[in-house]
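# Geometric and topological summary
Chain by chain, the residues:
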Amino acid sequence: MTIYHILFLSYLVFSIGLFGVLSRRHVVGILIGIELMFNAANLAIVGIAWTMQVLTGQIIALFGIAITAAEIAVGLALFLLAERLSKTVYADKIDLMKG
Amino acid sequence: MQGQTIIYLILALGLLVSSIASVCSRRILRSAIFLAVALIFTAFLYLLLGAELLAGIQILLYVGGVITLIIFALLISEKLGSDQSEATHRNIIPAAIASTVLFLILLFFTYTSRRISELATSSPMGEFGASGELSELIFRDWVLPLEVLSLLLLAAIIGALVIARREHKQEGEQ
């Protein structure tokens, strides 16, 4: 197992997450895709830290996880608000900013 | 070394299958559960890479916190599973093309990079027991980012509360 294996897996998960973000209609589905992409990025960071034998990569991944938690809390709050105001959960039907 | 690769392959297969299931599932609640499975597989991969503290935090914060939040938000929102006939995906082919192109670009730059091929010649074993060193490093060299991060979390909590609050007061006044 080398760094290539980890990076390959990370890229695959990142692409799957991007596919989810681009193709999902449900707002929470898009957030789940973003979570997958974050996860893939963290995996790549930890893999590179493992190969280079440094601990800094793990610290950055740790901070990334905490930032993701903050982001998902605000994102879900926005989802609840948008769902309440526009009575739909689908991202392509929410048009609150249309005049 | 051989055993490590076999464990890696099993975990990678599980991670890929649960990620694809999470992205493609028609029920959004099922999709959240598959995301939790994918995150647990990633935590085991962290264990394989010698990051045991990170694996614990991944399970605590992601699977325990984020997934719970997502499921709560889905259950609170009223439209859960109301009309199964409606399409859950749109623009599937352009999205597939875009993500495949991104994947190929990333692969190209990885396999042509000299720095990464230098890194790949050494493949160290995962080492456990770095947690003490890691926490020392966090609270000595990285203590300012840590404090800024706690401020960010506080701001996120307050922001989420303010955004998601139902505005009863204004309705009462009007």
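Not measured: the values here are computed from a predicted model. (Residues numbered from 1 in each chain as written. Chains lettered and ligands numbered in written order. Predicted model: local features only at pLDDT ≥ 70, side-chain atom pairs only at ≥ 80, totals over all residues. Heavy atoms only, no water.)

Moving on: the overall build of chain A. Broken down by element type, chain A carries three helices and zero strands. The order of helices and strands in chain A, counted from the N terminus, is α-α-α. The C-alpha atoms of chain A give 17 Å as radius of gyration, which overshoots the globular expectation for 99 residues (13 Å, by more than 25%). Counted over contacts in chain A with a minimum sequence separation of 6, partners at least 24 positions apart contribute 58%. Surface accessibility of chain A: about 3,400 Å² in total, with carbon and sulfur atoms responsible for 75%. Distance between charge centres in chain A, computed from 6 positive and 5 negative side chains, equals 8 Å. (Helix = DSSP H or I, 4+ residues; strand = E, 2+ residues; numbered from the N terminus. Rg over C-alpha atoms; globule rule 2.2 N^0.38 Å. Contact = heavy atoms within 4.5 Å. Areas by Shrake-Rupley, 256 points an atom, 1.4 Å probe, with all protein chains shown as cover. Lys, Arg positive; Asp, Glu negative; His and termini not counted. Charge placed at Lys NZ, Arg CZ, Asp CG, Glu CD.)

Another point: the side chain of Ser23(A). For Ser23(A), the position within the fold is in helix H1 (residues 3-23). On the basis of relative accessible area, Ser23(A) is assigned to the buried category, the value being 0%. A polar contact is formed between the side chain of Ser23(A) and the backbone oxygen of Phe19(A), at a distance of 2.8 Å. In contact with Ser23(A), not counting residues within four places along its chain, are Thr88(B), His89(B), Arg90(B), Asn91(B) and Ala95(B). (Buried < 20%, exposed > 50% of the residue type's maximum accessible area, 1.4 Å probe, protein only. Polar contact = N/O pair within 3.5 Å; in protein donor to acceptor, adjacent residues only side chain to side chain.)

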